[in-house]
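Coordinates in review
Each chain, written out:
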Amino acid sequence: MPIVVDIDVMLARRKMSVGDLADRVGITPANLAVLKNGRAKAVRFATLAALCEVLACQPGDLLRWEAEGVADEGGVP
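Because the structure is a prediction, the values reported are computed rather than measured. (Residues numbered from 1 in each chain as written. Predicted model: local features only at pLDDT ≥ 70, side-chain atom pairs only at ≥ 80, totals over all residues. Heavy atoms only, no water.)

**Observations regarding the overall build of the chain**
Going by this rule: A run of H or I in DSSP counts as a helix once it spans at least four residues, and a run of E counts as a strand once it spans at least two, with each numbered from the N terminus. Think of it in three bands: with a 1.4 Å probe and only protein chains considered, a residue is buried below 20% of the maximum accessible area for its type, exposed above 50%, and partly exposed in between. Residue contacts are counted whenever heavy atoms from the two residues lie within 4.5 Å of one another.
A tally of regular secondary structure across the chain gives five helices and two strands. Counting all 77 residues of the chain, 29% fall into the buried class. Sequence-distant contacts, at least 24 apart, represent 60% of the contacts inside the chain between residues at least 6 apart.

What follows is the structure in structure tokens.
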């Protein structure tokens, strides 16, 4: 999937555990793990907003787009 979830990066920067983040956001650790590991098919804006509030970040700090099938050098698939 071309959308990459960088929750791990923000957790490390904030020195916060997955369990603590899940508690503070109000979702289960299992659902947070699905999102964190890139297996989620969707995320509610309310959940994204809560993640941003707790982590003191912007949505772009948590989500980014990467083109699929593009080589690292030269940009040719």
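**Here's the deal with the side chain of Thr47**
Its location among the elements puts Thr47 in helix α4 (residues 45–55). When its relative accessible area of 18% is taken as the criterion, Thr47 is described as buried. Contacts of Thr47, omitting those with residues within four sequence positions, involve Val25 and Ile27.

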